[in-house]
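# Observations on chain architecture
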Amino acid sequence: MSQAMVPFFCASGANFGVDLGACIQDVVNSGQYVLGPQVQAFEASFARYLGVGCAVGVGNGTDALTLALRALGVGPGSRVLTVANAGCYASTAIAQAGAEPLYADVEPRHLTLSPTAVEVALESGPVAAVVLTHLYGQMGEVERIGSICESAGVPMIEDCAQAHGAARGGRKAGAWGRMGCFSFYPTKNLGALGDGGLVATNDRELAERVRALRQYGWRAKYEVVLAGGCNSRLDELQAAVLLAKLHHLDDANAARRAIAQRYNVAFADLPLELPASMNDDYVAHLYVVRTPRRSELQAYLTQHGVACAIHYPVSDHQQPVRVGQSPSLPATEAACAEVLSLPCCPGLSSPQVEQVILAVRGFFRG
């Protein structure tokens, strides 16, 4: 008898044991569904959690990046530096702001933006902003890149969509740059029941600009004072769910990291590249291994009851829609050809984790 499939994402585990129905019913009973007390409470709580002064809820993570760029005045004719191995989300936001993405390579160990590549890129001409993506739950080189950006007078925006709760030296992801942008898509470490996003910052003026831009550019109702506004509001239902789940985020991240640590021990003698950090700067949003035999391994795992995925198979600068700049990004391209994500989420049982381990080891041991 074949084993049941180990899921890639556990919806029940992602709920953190919270009574989401009660959260929703409270909002329904209140009769306030948009930009009400739940949004205000979640914004305040998440800002405290991050250790920043301001947080502004928006419609989704891509909008968070787009509105952060617009709040900084980034627009047509501007170049924004970012990576090309993170699913095209930053590239989409840069395009929505009317700017041009400038791609830099990643460092091979963590697959996040290379500080050396940032230095080279900033010497190539004007750059309006740098988007540093914390990938797979692993924080990028915030200290070095932040210092480089500060010296160059270029704002750094953190893309924290996969790094809720990650920290270095006690300072959370999202609290290092001019702004930190979050997604609350259901599969994120802190996920809603639909789309949601947030911009965090210590700059109150920037926060107010984002707050206006998320609602048509209004300063007051029907009074448009900022160009580039849109309809991108975190709704009350999602905010209520996120507020209830926030209190359990650190425990859920610890559960993710425990699974990742178990994998790292089990796979240490295999010809796989494994996540390099198991410290607080890694919250195991994804457990990603690298192998030149990716297609074979993925097929084998599927046959043996283990769901897996690829994050991400096509780099931004090689997308079919991409026209123009085609830089040489050897580390990025090598990673996109080899990365494979294994199940690593709260709710996976110990036997399910063992099933993943046995399947991976079985592939390499034959």
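For the structure, check the block above.
Quick notes on the rules
- Residues numbered from 1 in each chain as written.
- Predicted model: local features only at pLDDT ≥ 70, side-chain atom pairs only at ≥ 80, totals over all residues.
- Heavy atoms only, no water.
- Buried < 20%, exposed > 50% of the residue type's maximum accessible area, 1.4 Å probe, protein only.
- Helix = DSSP H or I, 4+ residues; strand = E, 2+ residues; numbered from the N terminus.
- Arc of directions from axis to C-beta.
- Contact = heavy atoms within 4.5 Å.
- Core = buried A, V, L, I, M, F, W, Y, C linked by side-chain atoms within 4.5 Å.
- Lys, Arg positive; Asp, Glu negative; His and termini not counted.
- Salt bridge = Lys/Arg side-chain N within 4 Å of Asp/Glu carboxyl O.
- Patch = residues over 30% accessible without salt bridge, like charges linked within 9 Å, V, L, I, M, F, W, Y side chains within 5 Å.
- Areas by Shrake-Rupley, 256 points an atom, 1.4 Å probe, with all protein chains shown as cover.
- Phe/Tyr/Trp six-rings, centres within 6.5 Å; stacked < 30°, edge-to-face > 60°.
- Lys NZ or Arg CZ within 6 Å of the ring centre and 35° of its normal.
- Axes fitted to C-alpha atoms, helices over the stretch in contact; angles between N-to-C directions.
- Parallel < 35°, antiparallel > 145°, perpendicular 65-115°, else oblique.
- Left-handed = near helix turned anticlockwise from the far one by under 90°.
- Nonpolar A, V, L, I, M, F, W, Y, C, P; charged D, E, K, R; others polar.
- Disulfide = S-S within 2.5 Å.

## Examining helix H11 (residues 294–303)
Looking at H11, one finds that the buried residues are Arg294, Leu297 and Leu301. Taken end-on, H11 shows its buried residues confined to a sector of 65°, consistent with a single buried face. Seen from the open side of H11, the exposed residues pointing more than 90 degrees away from its buried face are Ser295 and Gln303. Against the buried residues of H11 lie helix H12 (330–336), strand S13 (339–342) and helix H13 (350–365). One or two positions beyond H11, positive phi appears at glycine 305, with a value near 80°.

## Here we look at the nonpolar core
Nonpolar side chains in soluble globular proteins tend to end up buried together. In terms of nonpolar packing, the biggest core is built from 66 residues, with Phe42, Phe46, Val130, Phe184 and Leu190 touching the most fellow members. In terms of residue count, helix H9 (residues 236–246) provides more of this core than any other element does, seven residues in total. Residues in contact with phenylalanine 46, not counting those within four places in the same chain, are Phe182, Phe184, Leu190, Leu198 and Leu246. Listed in part, the 30 residues of the second largest apolar core include Ala260, Phe267, Leu272 and Val356.

## Regarding the side chain of arginine 256
Within the secondary structure, arginine 256 is located in helix H10 (residues 249–266). For the buried arginine 256, which has no salt bridge, the nearest side chain bearing the opposite charge is aspartate 250, at an N-O separation of 11 Å. Dropping the residues within four chain positions of it, arginine 256 is found in contact with Thr187, Lys188, Asn189, Val283, Ala284, His285, Cys344, Cys345 and Pro346.

## Notes on a nonpolar patch on the surface
A contiguous nonpolar surface patch, about 330 Å² in accessible area, is contributed by Val28, Tyr33, Val34 and Leu237. Its location among the elements puts tyrosine 33 in the loop between helix H2 (20–30) and helix H3 (37–50).

## Notes on the packing of aromatic side chains
Across all of its chains, the model carries 13 aromatic pairs by this definition. Relative to tyrosine 312, the ring of tyrosine 89 has its centre 6.2 Å away and its plane inclined at 80°; by these criteria the two rings are edge-to-face. Taken together, the residues tyrosine 89 in helix H5 (residues 89–96) and tyrosine 312 in the loop between H11 and H12 connect sequence positions 223 residues apart. The class of tyrosine 312 is buried, set by a relative accessible area of 12%. Through a chain of ring-to-ring contacts, three or more aromatic side chains come together here, namely Phe42, Phe46, Tyr49, Phe182 and Phe184. Looking at arginine 171, its charged tip hangs above the ring of tryptophan 176, at a distance of 4.2 Å from the centre. One residue, lysine 172, lies across the ring of tyrosine 49, its end atom 4.6 Å from the ring centre.

## What to know about the packing of helix H4 (residues 61–71) against H5
Close contact between H4 and H5 brings their axes to 8 Å; oriented N to C, the two are set at 45°. Here H4 lies oblique to H5, going by the angle between them. Judged by the sense of rotation from one axis to the other, the crossing of H4 with H5 is right-handed. From H4, Thr62, Asp63, Leu65, Thr66, Leu69 and Arg70 reach across to H5, where they touch Tyr89, Ala90, Thr92, Ala93, Ile94 and Gln96. Residue composition of the contact of H4 with H5, by class: six nonpolar, four polar and two charged.

## Thoughts on the state of the cysteines
This model, assessed by the stated rule, comprises zero disulfides. In this structure cysteine 88 is not part of a disulfide, and its nearest cysteine sulfur, from cysteine 336, lies 11 Å away. Left unpaired, cysteine 308 is separated from the closest cysteine sulfur, that of cysteine 345, by 13 Å.

## Re unusual backbone geometry
Between histidine 311 and tyrosine 312 the backbone carries a cis peptide bond, its omega angle lying at 10°. The residue leucine 35 is not glycine, and still its phi comes out positive at about 50°. Structurally, the position occupied by leucine 35 is in the loop between H2 and H3. With a phi close to 70°, tyrosine 222 is a non-glycine residue in the positive phi region. With respect to the element layout, tyrosine 222 can be found in the loop between strand S10 (218–220) and strand S11 (223–224).

## Considerations on the environment of alanine 331
Relative to the helices and strands, alanine 331 is located in helix H12. Alanine 331 gets classed as buried once you look at its relative accessible area, which sits at 16%. Once residues within four sequence positions are removed from consideration, alanine 331 is found in contact with Asp105, Val106 and Pro108.

## Some points on the packing of H4 against helix H8 (residues 204–213)
Two numbers describe how H4 lies on H8: the axes approach to 9 Å, and their chain directions differ by 120°. One way to sum up the angle between H4 and H8 is to call them oblique. The way H4 lies across H8 gives a crossing that is right-handed. Counted together, Leu67, Arg70 and Ala71 of H4 and Leu206, Arg209, Val210 and Leu213 of H8 form the full contact between these two elements. When the residues that make up the contact of H4 with H8 are grouped by side-chain class, the tally is five nonpolar, no polar and two charged.

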